[in-house]
Amino acid sequence: MIAGSHDTCVDDDGLLYSQQFGDHYFSRHDGSEECRHVFLAGNDLPGRWRDQSDFTIGELGFGTGLNFLVTWQAWKRARLPGQRLNFVSLEAYPLKPDTAREALSSWPDLAGLTDELLAQWNSLTAPHQIDDQTTLQVHHCPVEQALPRFPETDAWYLDGFAPSKNPDMWSLDAMQRIADHTAPNGTFASYTAAGWVRRNLDAAGFEVIKKPGFGTKRDMIAGVLR
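Residues numbered from 1 in each chain as written. Predicted model: local features only at pLDDT ≥ 70, side-chain atom pairs only at ≥ 80, totals over all residues. Heavy atoms only, no water.

Colleague: Before we go on, may I ask you to explain the overall build of the protein in this structure?
Modeller: If you tally the helices and strands in the protein, you get seven helices and 12 strands. Split into buried and exposed, the 226 residues of the protein put 57% on the buried side. Within the protein, contacts between residues separated by at least 24 positions form 71% of all contacts whose residues are at least 6 apart in sequence. When the accessible area of the protein is evaluated, it comes to approximately 9,900 Å², of which 48% is carbon and sulfur surface. (Helix = DSSP H or I, 4+ residues; strand = E, 2+ residues; numbered from the N terminus. Buried < 20%, exposed > 50% of the residue type's maximum accessible area, 1.4 Å probe, protein only. Contact = heavy atoms within 4.5 Å. Areas by Shrake-Rupley, 256 points an atom, 1.4 Å probe, with all protein chains shown as cover.)

Colleague: What am I meant to see in the environment of Ala204 here?
Modeller: Following the sequence through the fold, Ala204 ends up in helix H7 (residues 195–204). In the structure, Ala204 is positioned 21 residues away from Leu225 in sequence and 8.8 Å away in space, judged by C-alpha atoms. Apart from residues lying up to four places away in sequence, Ala204 is in contact with Leu172, Met175, Gln176 and Ala179.

Colleague: Help me out: how do you make sense of the sheet that holds strand E9 (residues 153–158) in this one?
Modeller: The strands that make up a sheet pair up through hydrogen bonds in the backbone, lying either parallel or antiparallel. Strand order in the open sheet made by the eight strands is E7-E8-E6-E5-E9-E10-E12-E11, with mixed pairing throughout. Of all the strands in the sheet, just strand E7 (128–131) and strand E11 (206–212) have a single pairing partner and so form its edges. With strand direction ignored, the average angle separating the axes of adjacent strands in the sheet is 20 degrees. Bridge count between E11 and strand E12 (residues 219–225): seven bridges; the pairing is antiparallel. What sits directly across from Pro212, in E12, is Asp219. Along the sheet face, helix H1 (residues 31–42) touches E9, strand E10 (182–190), E11 and E12 and points at about 165 degrees away from the line of E10. (Pairing = 2+ DSSP bridges. Axes fitted to C-alpha atoms, helices over the stretch in contact; angles between N-to-C directions.)

Colleague: Can you walk me through the environment of Leu225 in this structure?
Modeller: Mapped onto the secondary structure, Leu225 falls in strand E12. When the C-alpha positions of Leu225 and Asn185 are compared, they lie 5.6 Å apart, and in sequence the two are 40 residues distant. When near neighbours in sequence (up to four residues on either side) are disregarded, Leu225 contacts Ala179, Thr182, Ala183, Gly186, Gly205 and Phe206.

Colleague: Where do I start with the pairing of strand E5 (residues 54–60) in this structure?
Modeller: E5 sits mainly inside the fold: six of its seven residues count as buried. Relative to strand E6 (residues 84–90), E5 runs parallel, the two being bridged by seven bridges. In the sheet register, Ile57 faces E6, and the bridge partner there is Phe87. Strand direction decides the pairing type here: E5 and E9, joined by four bridges, are parallel. Across the sheet, Glu59 pairs through a bridge with Tyr157, a residue of E9.

Colleague: Explain the nonpolar core to me, please; I cannot follow it from the model alone.
Modeller: Where a protein is soluble and globular, its nonpolar side chains tend to be buried together. Ranked by size, the top nonpolar core spans 63 residues in total, and within it Ile57, Leu60, Phe68, Leu117, Leu136 and Leu158 carry the most contacts. If we skip the residues at most four places from it in the chain, Leu60 touches Leu90, Leu147, Trp156, Tyr157, Leu158, Asp159, Gly160, Met169, Met175 and Ile178. (Core = buried A, V, L, I, M, F, W, Y, C linked by side-chain atoms within 4.5 Å.)

Colleague: In this structure, what is going on with the confidence of the model for the protein? I would like to understand it.
Modeller: Note that predicted coordinates carrying low pLDDT should not be read in detail. On average, residues of the protein score 89 in pLDDT, and 87% of them are at 70 or above. Confidence over residues 1–6 falls short of pLDDT 50; this stretch has 16 contacts with residues more than four positions distant or in other chains. Long-range and interchain partners of residues 21–25, a stretch whose pLDDT sits below 50, account for 24 contacts in this model, where long-range means more than four residues apart. (pLDDT = per-residue confidence, 0-100.)

Colleague: Just to check I follow, could you spell out unusual backbone geometry for this structure?
Modeller: Glycine aside, negative phi is the norm for most residues, and most peptide bonds take the trans geometry. Going from Leu45 to Pro46, the amide bond is cis rather than trans, its omega being 10 degrees. Of note, Pro46 is situated in the loop between H1 and E5. Even without a glycine there, the phi angle at Asp44 is positive, about 55 degrees. Mapped onto the secondary structure, Asp44 falls in the loop between H1 and E5. The phi angle at Asn185 is positive, at roughly 65 degrees, despite the residue not being glycine. Looking at the secondary structure, you find Asn185 in strand E10. For Asn185, a relative accessible area of 60% puts it in the exposed group.

Colleague: Hey, could you run me through the pairing of E12 in this one?
Modeller: Counted residue by residue, E12 has six buried out of seven residues, so it is predominantly covered. One ladder, built from four bridges, connects E10 with E12; its direction is antiparallel. For Ser190, the partnering residue across the bridge sits in E12 and is Ile221. Hairpin remark: E11 followed by E12, antiparallel, with six residues in the connecting loop; positive phi at Gly215, about 65 degrees.

What follows is the structure in structure tokens.
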């Protein structure tokens, strides 16, 4: 394994691995396609962008920024003049730009956007105009401190490390704070279908639906605020 930043390393398959949480940052089967399957399709994007002048996405777990890059690519292709996207994320253990660059090198179709993101990497803790129709902010603090700072959100990407290894990210308190910051008819999607996570989301006020997962994962979940 090649040494990375903080408590991360890159394994022999080129995948970034968190030694602290004992989990990879994205799917072995293709992290960008997982994002499209789970987070974009799970939140009915880009379809929902058509009728909204302003749209906010909230994410738990910025990591390498891969979910943002895939979303930004889709947004740039679909957006109309005057529409705006606000992407707000949190990352309690921010990566160094060189570590993110190494991990993201597997997706040459995102290379131009990756360069733009990494050039602005150290400016993202405040709302940052990453292009003329897109704002990005990444809170560098634990979930319980970050969620009260989130705006009203139209779609959530719940992408923390595995619930069994990072339970604070998936707690009932966290899910309730997410519900409290969700716009009417707001949605969520997640790669996990763990039973206790589904129950916490249900208790917080979401209708939770199982859907086919990505790759070897049998199930994922998505849903809407009741």
